[in-house]
Amino acid sequence: MKTYIGLSIVFGVFLLFSVQVLFSQDAEVVYAEGEVDLKDKKGELFWLEIGDYLENGETVITGYDGFAEIEKGDFSILKISPNTVFTYMEAEIGGEKRDVFSCALGSVA
């Protein structure tokens, strides 16, 4: 009986950790063309490429010919249009962490 309780506790902790990791996944760049830059939390600019990950607090900046698609862990896709400044953040709302998207300029679909 103690073995089953111990295994149940271990499985429960594993399941809780797995769910937390799943929902805290960063966003992955699945498509990029033209001028697409990443501004990190330190303010440094980098060229954004397919396969890169966008972390909380980072900003995507597209030029006049830039376009990017970003996929979240739940398979939702954000399409970032040319001439756009888009920031991916996380905020605590009502005691729960949620994704917050900010588009300072341009458009995101």
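As a reminder, the structure under discussion sits directly above these lines.
Residues numbered from 1 in each chain as written. Predicted model: local features only at pLDDT ≥ 70, side-chain atom pairs only at ≥ 80, totals over all residues. Heavy atoms only, no water.

## Details of the overall build of the protein chain
Test applied: Helix and strand labels come from DSSP, where a helix needs a run of H or I of at least four residues and a strand needs a run of E of at least two; each type is numbered from the N terminus. Note on exposure labels: buried denotes an accessible area under 20% of the residue type's maximum, exposed denotes more than 50%, and partly exposed covers the range between, all computed with a 1.4 Å probe on protein chains only. Whether two residues are in contact is decided by their heavy atoms, any of which lying within 4.5 Å being enough.
Across its full length, the protein chain carries one helix and nine strands. Seen in sequence order, the protein chain has helices and strands lined up from the N terminus as α-β-β-β-β-β-β-β-β-β. The buried share among the 109 residues of the protein chain stands at 23%. At a minimum sequence separation of 6, the contacts of the protein chain that also span at least 24 residues come to 42%.

## As for the environment of phenylalanine 101
Note on placement: phenylalanine 101 falls in strand 9 (residues 96-105). Linking phenylalanine 101 and threonine 59, residues 42 residues apart in sequence, is a C-alpha distance of 9.9 Å. Residue contacts for phenylalanine 101: discarding those within four places in its chain leaves Leu78, Phe86, Thr87 and Tyr88.

## Re unusual backbone geometry
Phi is positive for asparagine 83, close to 55°, though the residue is something other than glycine. In this fold, asparagine 83 is placed in the loop between strand 7 (77-80) and strand 8 (85-93).

## Some words on the sheet that holds strand 2 (residues 36-39)
Pairing between the strands of a sheet is mediated by backbone hydrogen bonds and can be parallel or antiparallel. Put simply, the rule is: The rule for pairing is simple: two strands pair if DSSP sees at least two bridges between them. Only the stretch in contact is used when a helix axis is fitted, and all axes are lines through C-alpha atoms; the angle between N-to-C directions ranges over 0 to 180 degrees.
The strand order across the open sheet formed by five strands is 3-2-5-8-9, and the pairing between neighbours is antiparallel. One side of each edge strand has no neighbouring strand; the edge strands of this open sheet are strand 3 (45-47) and strand 9. Taking the axes of each pair of neighbouring strands and ignoring which way they run, one obtains an average angle of 30° across the sheet. For strand 2 and strand 5 (residues 58-62), the ladder comprises four bridges, and the chain directions are antiparallel. Residue pairing in the sheet places aspartate 37 in a bridge with isoleucine 61 of strand 5.

## Regarding the sheet that holds strand 4 (residues 53-54)
Spatially, the four strands line up as an open sheet ordered 4-1-6-7, and their pairing is antiparallel. Each edge of the open sheet is held by one strand with a lone partner, namely strand 4 and strand 7. In the sheet, strand 1 (residues 27-33) pairs with strand 6 (residues 67-71) via five bridges, with the strands oriented antiparallel. Across the sheet, the residue bridging to tyrosine 31 is glutamate 69, located in strand 6.

## Concerning the pairing of strand 1
Pairing of strand 1 with strand 4 involves two bridges; the strand directions are antiparallel. Each bridged residue has a counterpart across the sheet, and for alanine 27 the counterpart in strand 4 is leucine 54.

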